[in-house]
Amino acid sequence: MPQNYDYDEGSETWPFFVLTMVLAVLLPMTFIQLKKLFRNKSDEEIELEKVNKTDKLSSISDLLTNKKINKFRSKFESKTSNLFNWTNLFICVGWLVVAMLVQVISNNDKIREAAIGSFDPYDLLGVSVTASDKEIKSAYRKLSLKFHPDKVAKDITEEEKNSLEEMYVQISKAYEALTDELVKQNYLMYGHPDGPQSQTHGIALPSFLVNGLVTPIVVIFYVLVLSLVLPYLVSKWWSKTQSYTRKGIHIKTASHFVDRMINYKPSEIVTVDLIIEWLSHAEEFKLLFPSLNSSDFKRLLYSHINRTSVKDSEEDIKFRIVAKCHRLLNGLLDIACGFRNLEIAMASLDTFKCIVQAIPNTEYSEILQLPHVDKEHFIDNSEGIHTLGKLFTYSDEKIGKILGVKDEQQLKETLSVASHLPILKVIRAEFKVPGEKFVVTSSVPHLNLKLLVRSAKHKYIPIDKFTDELLAEEEDFESQRDPFAMVLEQPLLPYSYAPYFPTKRVNNWYCLVSLQKDNKIIQTPVPVERLSFRNLDKDLDKRLIKELDDKNFDPSEWEIGTFKVPLGQPAPKEKGDAYFRIVLKSTDYFGSDLDFTVEMKVRDPVEEKVEEVYSEEDEDEDSEDSEDEDESDEEDESDSDYTDIDTDTEDEDEDESNEKK
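These figures come from a predicted structure and were not determined experimentally. (Residues numbered from 1 in each chain as written. Predicted model: local features only at pLDDT ≥ 70, side-chain atom pairs only at ≥ 80, totals over all residues. Heavy atoms only, no water.)

Engineer: Looking at this model, I keep getting lost on the side chain of Ser-455. Mind explaining?
Structural biologist: Position of Ser-455 relative to the elements: it lies in the loop between β5 (446–454) and α24 (468–471). What makes Ser-455 buried here is its relative accessible area of 1%. Of note is the side chain of Ser-455, whose polar atom sits 2.7 Å from the backbone oxygen of Ser-419. The residues contacting Ser-455, other than those within four sequence positions of it, are Ser-419, Leu-421, Ile-423 and Leu-536. (Helix = DSSP H or I, 4+ residues; strand = E, 2+ residues; numbered from the N terminus. Buried < 20%, exposed > 50% of the residue type's maximum accessible area, 1.4 Å probe, protein only. Polar contact = N/O pair within 3.5 Å; in protein donor to acceptor, adjacent residues only side chain to side chain. Contact = heavy atoms within 4.5 Å.)

Engineer: For this particular structure, what's the right way to read the nonpolar core?
Structural biologist: For soluble globular proteins, the rule of thumb is that nonpolar side chains tend to be buried together. Ranked by internal contacts, the top residues of the largest apolar core, which has 75 residues, are Ile-275, Leu-279, Ile-355, Leu-370, Leu-403 and Leu-512. Top contributing element to this core by residue count: helix α17 (residues 312–338), with 11 residues. If near-sequence neighbours (up to four positions away) are discounted, Leu-279 is found in contact with Phe-257, Phe-285, Leu-301, Cys-325, Leu-328, Leu-329, Thr-351 and Ile-355. Among the nonpolar cores identified, the runner-up in size contains 34 residues, and Phe-431, Leu-493, Trp-509 and Leu-567 belong to it. (Core = buried A, V, L, I, M, F, W, Y, C linked by side-chain atoms within 4.5 Å.)

Engineer: So what exactly am I meant to see when it comes to the packing of aromatic side chains here?
Structural biologist: Geometry of an aromatic ring pair is reported as the spacing of the ring centres plus the angle between the planes. Scanning all chains against the criterion turns up 8 aromatic pairs. Taking 5.6 Å as the distance between ring centres and 85° as the angle between the ring planes, the aromatic pair formed by Tyr-364 and Phe-378 counts as edge-to-face. You can see Tyr-364 sitting in the loop between α18 (342–357) and α19 (365–368) and its partner Phe-378 sitting in helix α20 (residues 375–380), a full 14 residues away along the chain. Judged by its relative accessible area of 0%, Phe-378 is buried. Note on Trp-509 and Phe-533: the rings are 6.3 Å apart at their centroids and 80° apart in plane angle, and the pair reads as edge-to-face. Placement of Trp-509 in strand β6 (residues 509–515) and of Phe-533 in the loop between β7 (526–528) and β8 (560–566) is noted, with a sequence separation of 24 residues between them. Members of the aromatic cluster, connected to one another through ring pairs, are Phe-466, Phe-553 and Trp-558. The ring of Trp-558 carries Lys-538 above its face, with NZ or CZ at 5.8 Å from the centroid. (Phe/Tyr/Trp six-rings, centres within 6.5 Å; stacked < 30°, edge-to-face > 60°. Lys NZ or Arg CZ within 6 Å of the ring centre and 35° of its normal.)

Engineer: What am I meant to see in the UniProt feature "transmembrane region" (unreviewed entry) in the protein chain here?
Structural biologist: In the numbering used here, UniProt assigns the feature "transmembrane region" (unreviewed entry) to residues 14–32, 83–105 and 213–234. This span, residues 14–32, is 100% helix and 0% strand, and a straight line between its end C-alpha atoms measures 28 Å. (UniProt positions renumbered as here; feature names shortened; annotations may be inferred.)

Engineer: Before we go on, may I ask you to explain the packing of helix α9 (residues 158–179) against helix α10 (residues 181–190) in this structure?
Structural biologist: The relative placement of two packed helices is expressed as an angle between their axes plus a distance between the axes. Packing of α9 against α10 brings their axes to within 6 Å, and their N-to-C directions diverge by 95°. In terms of axis orientation, α9 runs roughly perpendicular to α10. Residues Glu-176, Ala-177, Leu-178 and Thr-179 of α9 touch α10, and the partners they reach there are Glu-181, Val-183, Lys-184 and Tyr-187. Residue classes in the contact of α9 with α10 are distributed as 4 nonpolar, 1 polar and 3 charged. (Axes fitted to C-alpha atoms, helices over the stretch in contact; angles between N-to-C directions. Parallel < 35°, antiparallel > 145°, perpendicular 65-115°, else oblique. Nonpolar A, V, L, I, M, F, W, Y, C, P; charged D, E, K, R; others polar.)

So this is what it looks like as structure tokens:
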């Protein structure tokens, strides 16, 4: 074994080593970036664009969003689409280094000589690796006649003569390597017909880097890379992968939420203020702005909710922590459902609304979410109005005076938003089992909801207007095999009206299912992500239409949405009745929530009677009063077993009646 090592003075090795290391990093990065730049939009993205082109709320939201938020949004959105970023710059520099290394390798004579010096009998004879013995022999004869020392010209130089002789020797060795068994064995084993060749051991660095004055620098560089930089990068990657939960919130934030849930006292009143206090301790905020504390974050969150100004230097800070609240509240909602705590889950969604609409949670929130409303003027002149349904019992001119909106164009925008905020009405709610007429013991049922999306401006629509034929679902094999497939056929929800939220967002309703007897949530929340809003464009002004008839209302022209919730547990093993509280809460809009009870009647498989899952007796009793309750949104819901959470009070009804008198 040689005692001394040769250094790479001729740059025969180190360019290949560096090239390999650079390409190992550069190729995957380039592939990922190209995929981001040139990827085709998904079907959902294309569908969402189409939905938003015709949606009035999203267009008004864009119109009313101020310059500061638009600037922040453009900065936020450019992170994923901008060509000029540090990653792309690094890739360009990397490929420039690759080009330089390739140039160094291609211009290196020693590398070229080493490549020429490698022994390949097939290449020397000019035959393919599948050539027969006859073809090999024929090729050898032709080359022998050309390069044999006795056949070369006499007037060539000594250097050319030696080159031809060397070529003849190589041709002879190539022929023997393919025909002589002993020589062929040497070639196959050692890569050369003469057997093992001399080997040199070297270091892929020039000698001046090892033996010169720069030796300490090289040693320090290796120590830094191997003992500091590489472990730091690996630990940072590992820490990042282990520091966030499945919902994308930091484990310290999740631990804080869990600790608050464990120490939660049932006697404690859960409010939006409590949830804001929990959010202010989020680790995400501390990582973004380590110089600030929870009091600062709490102050900035309240400044957003109350629409108060902050210092110019704090504007971006406020926008960033508000934008983070979306993920944090989703994580808190998931944890609350894990603890089966309905109260905290509902408070989390109420906080969602406050942050999205930038208004506090008060009795006036449903009205104050509208644009251009003069808050102080409205509260002083509200006349007991707390809901959009009650607001639309007045003329447009009167509404402008109540809200303090004097400009005609602004009033149009206010009324347009008010009439296009979606309100849900339950047409039918039942538990179903695919292939069964009723819920049988130990079966796996799902909650099937038929929902009417309507406007607060619309005339009251009795649920009996929608016949069983309009609500019927396909009963074929495919529908029974996958009963949730029809939900995916509905359009995606459009962008929300949220001009104060730092990023564009899509409204959801979360469905919370709990047992009526103890109010404990029985499964994770299920989002409503697909529902048609086309009904909101229909002209059914309750101030103009006194009574529904065939001329002004055709139920077949109205779209009934379907939402299905798979239950996380099977039906009881014994027959009986079970009652479930169903809460549908919007993440973005006040006045769009539903809270109702659904009965599950579990029967033995031998029973054939089809049971209804809601009480028709209550429906009949409530419907007697429907003729006198046309004038407000919540009064419209009175004949249904499924009632909106935000209902008008009796005092509002009396105020309305007195005014009309």
